[in-house]
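# Tertiary structure, described
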Amino acid sequence: MARSTSKDAQDLFHSLRSAYVSTPTNLKIIDLYVFFAVFTALIQVAYMALVGSFPFNSFLSGVLSCIGTAVLAVCLRIQVNKENKEFKDLAPERAFADFVLCNLVLHLVIINFLG
Amino acid sequence: MGGKPEPGNVSSKSESMAAKKASPDLLNSLSFKSLKLKTKQQELLLRVSILGLVYVLAFIARLFSVLRYESMIHEFDPYFNYRTTLFLTEKGFYEFWNWFDSESWYPLGRIIGGTLYPGLMVTAALIYWTLRFLRFFVHIREVCVLTAPFFASNTTVVAYFFGKEIWDTGAGLVAAALIAICPGYISRSVAGSYDNEAVAIFALLLTFYLFVKAVNTGSLSWALGSAFGYFYMVSAWGGYVFIINLIPLYVLVLLITGRYSMRLYIAYNCMYILGMLLAMQIRFVGFQHVQSGEHMGAMGVFLLMQVFYFLDWVKYQLNDTKLFQTFLRITVTSAILVGGVALGVGTASGYISPWTGRFYSLLDPTYAKDHIPIIASVSEHQPTAWSSFMFDYHILLFLFPAGLYFCFKRLSDATIFIVMYGLTSLYFAGVMVRLILVATPAVCLISAIAVSATVKNLTSLLRTKQKAPQSGSTKGLGSSKASSKVLLDQSQPVQKNGAMALLLGVFYLLSRYAIHCTWVTSEAYSSPSIVLAARGAHGNRIIFDDYREAYYWLRQNTPTDAKVMSWWDYGYQITAMGNRTVIVDNNTWNNTHIATVGRAMSSYEDEAYDIMRSLDVNYVLVVFGGVTGYSSDDINKFLWMVRIGGGVFPVIKEPEYLVNGEFRVDKGASPKMLNCLMYKLCYYRFGELVTEYGKPSGYDRARGVEIGNKDIKLEHLEEAYTTSNWIVRIYRVKPPTNRL
């Protein structure tokens, strides 16, 4: 059971990897950005675990800014991906403009909340 | 109007051309022809004019009390909002945000800047500053009084767009018209009712509309709009908890019914993250979005959405179902395990606080009665009776199930939302009277769908009869078709008559609804509560303005640092109009302080004097309805004082004030009742007064009995002022006698 599970996991990994190579470059850039944002959030959480969460609003604003921008980037990816039939008549410039606007609002609120 | 087919237009045009050639008044016909609009423009004109009329109607339907009495603030809570708005416009935003009020809850004080929902005050202040900028120098009180009707009008516009989103423009128009006069909404938004709900219902409907629009279009900018709507709602009312639980519940229902889509992902995620961040800017809300149990549902659904998206993406990448199934199993089980463990640890360690009393009593209505008497004592928190539903909704009550039927016939993301909103809000409206207000927009929208769909079906039935003979005459068919057409023509009159009758019935129902709403608004919901009116013996109207008389006496005849003790109902009014420090007020944030006042009111005069000296009380204010028959006075509220006081100080026992479980004030009352401070203060010198012809002196008209203790002597207090109808009585606390 364990062997078949590990073999399954390996198969899974390989097929995911091979499928991922074929995605367009702009989507890969967005994925990298998402990964970077989530990684930053994890570093902040680890730091909080070490030194305590005293200015809680600062901790929250830091983590939420990372998660927020990651989520918005995922939304951008959804809207820009040419294979999504629901969004085929949405111009990628409009999607990017929405992304920038939402990020602007997000970071303005974060700056107010940072304390 | 739009039913006439194209040949009709062409034929009328050719007729007019012939008329032009025939008569010299061709100029008249030409100008008339150019005025005649195309169908689309006619429809737009009709819609805009209907909306405009509904907008004006919503505003003027709420002006009864301004016309009958004067432009003043009603009830109790609005006086606090008025006082804070006044402070904001006088001192500016920075002072307002950091305000520590030492005039209430003496000696504790209250951090007003951090414990209120600023949306209403900031809105009124912005309107005030805009009007002043345009050189309309109105008083802030006028702005406050008319804020609620103004926002009710705006709500009708939002309801129109919402109805258009869910169903079509017809339903939107009917929804706007229904919500403009619905008594459930009017009750909390008349002119003068300057309370949080006035703008909160507008913000609620706006948030829901923008969110449904975001789910329908999948656009990030609509989701951003709904986040801002949510921010406005959080700044305006504590009832925002309803939104932050309904929307995740809606998303969950969509996920379960297999309607997961990218648009839903975009809409919910953007709204949740941005909305949560914006909401945390309000100091009163603080970190509740990540720490309180009431908000955890939203976070859980957020994480669930990430899992769904991830699974969707992996499934798309893999294109191999078997491998995907194993992956699915692993991921789902690990996600559920991790989520469950996190929730368990958070709740057990106390980091995630459980549901607070006010909202927990919505889930378990018996909770407040046993554990928190202050919440149970508020009259707005009682469960709703059937008569209230009928009174507040009228025909919408049976149009609501009809609308539900139509919604289920045409299920889409938007109709699922409105069905969920309607059902959950009706459940909560059944638990607490006050929440009928929250259910009103949903009931109006769903009923509008029923009305609009029915009227559409009936009018299309009426119109088909006109088409059939036309096509029959122009086409010239064979005998079989002609005979069938003849049969159709014969059944058409019956159908047409039935449709006509039903249509007339619908219009009759709607007109009865309008009459009922106007009557309810005029009779029941337009009283300012601070000014009482009654009919005299000859039918003339008598006004009792005792409350304001007493508060202005306080303002003008007491030292500025005097402290007034009264029951918490009147706290806001005393600080706003009397401008004196109070011990407890309507905020009810400190139960022990209120219990201390309750204990003082229920004790004998000596013990009460010790408590009053410890609180530095200079004046005591009681409300008494025995002379006028006013039934919301302090004697009728007295048992709640006993219960709340007894909840904290076991020395106050409720059975001591009752006789055989009955609350009496006449000769048969218990001795503790006859000698407690509240009884003495209310009935002092009342035994000498004859209130009604033919009844003995000291006859209490509110309770309908002759009082038991007519010979009252006060040792530590002296009467300072009694208003002209004896409704408000003020006593001065005497300083301790000199020691010899």
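Residues numbered from 1 in each chain as written. Chains lettered and ligands numbered in written order. Predicted model: local features only at pLDDT ≥ 70, side-chain atom pairs only at ≥ 80, totals over all residues. Heavy atoms only, no water.

## Section: the overall build of chain B
The following threshold applies: Elements are defined by DSSP. Helices are runs of H or I of four residues or more, strands are runs of E of two residues or more, and each kind is numbered from the N terminus. Think of it in three bands: residues with accessible area under 20% of the maximum for their type are buried, residues over 50% are exposed, and the middle band is partly exposed, with areas taken using a 1.4 Å probe on protein chains only. Contacts were defined at the residue level, with two residues in contact if any of their heavy atoms lie within 4.5 Å.
Secondary structure assignment for chain B yields 32 helices and 11 strands. Structurally, chain B occupies a C-alpha span of about 120 × 80 × 60 Å along its principal axes. Taken across its 740 residues, chain B has 51% of its residues classed as buried. Long-range contacts, defined here as pairs at least 24 residues apart, represent 72% of the contacts in chain B between residues at least 6 apart.

## Examining the pattern of salt bridges
Stated precisely, the cut-off is as follows: When a carboxyl oxygen of Asp or Glu lies within 4 Å of a side-chain nitrogen of Lys or Arg, that pair is called a salt bridge.
A full pass over the atoms with the stated rule returns 30 salt bridges over all chains. A salt bridge links A:Glu86 to B:Arg263, with the nearest nitrogen and oxygen atoms 3.3 Å apart. Taken as a pair, A:Glu86 in the loop between α3 (56–80) and α4 (92–114) and B:Arg263 in helix α14 (residues 262–279) lie in two separate chains rather than in one. With relative accessibility at 43%, the residue A:Glu86 sits in the partly exposed group. Among the salt bridges present, the one from B:Asp666 reaches B:Arg664, with a minimum N-O distance of 3.2 Å. Connected through salt bridges with shared partners, the residues A:Glu86, B:Arg259, B:Arg263 and B:Asp413 form a single ionic network.

## Regarding the UniProt feature "transmembrane region" (unreviewed entry) in chain A
Residue and element names in this part refer to chain A. To be explicit about the condition: UniProt positions are given in the numbering used here, feature names are shortened, and annotations may be inferred rather than shown by experiment.
The sites that carry the UniProt feature "transmembrane region" (unreviewed entry) are, in the present numbering, residues 32–50, 56–76 and 96–114. Overall, residues 56–76 shows 100% helix and 0% strand. The separation of its end C-alpha atoms is 30 Å. Secondary structure content for residues 96–114 is 100% helix and 0% strand, while the C-alpha to C-alpha distance between its ends is 26 Å.

## Concerning the pairing of strand β7 (residues 619–623) of chain B
Residues and elements named next belong to chain B. Our working definition: Two strands are said to pair when DSSP picks up at least two bridges between them.
Most of β7 sits inside the fold, with five of its five residues counted as buried. What you see with β7 is no split at all: Tyr619, Leu621 and Val623 on one side and Val620 and Val622 on the other are buried throughout. Here two bridges tie strand β5 (residues 563–565) to β7, and the two strands are oriented parallel to one another. For methionine 565, the partnering residue across the bridge sits in β7 and is valine 620. Both β7 and strand β11 (residues 728–733) contribute to a ladder of five bridges, which runs antiparallel. When the sheet's bridge partners are listed, valine 622 is paired in β11 with arginine 729.

## A few points about the environment of B:Phe87
All names here are of chain B. Within the secondary structure layout, phenylalanine 87 lies in helix α5 (residues 77–91). When its relative accessible area of 13% is taken as the criterion, phenylalanine 87 is described as buried. With 38 residues separating them in the primary sequence, phenylalanine 87 and alanine 125 have C-alpha atoms 10.0 Å apart. Other than its neighbours up to four places away in sequence, phenylalanine 87 contacts Gly92, Glu95, Phe96 and Trp99.

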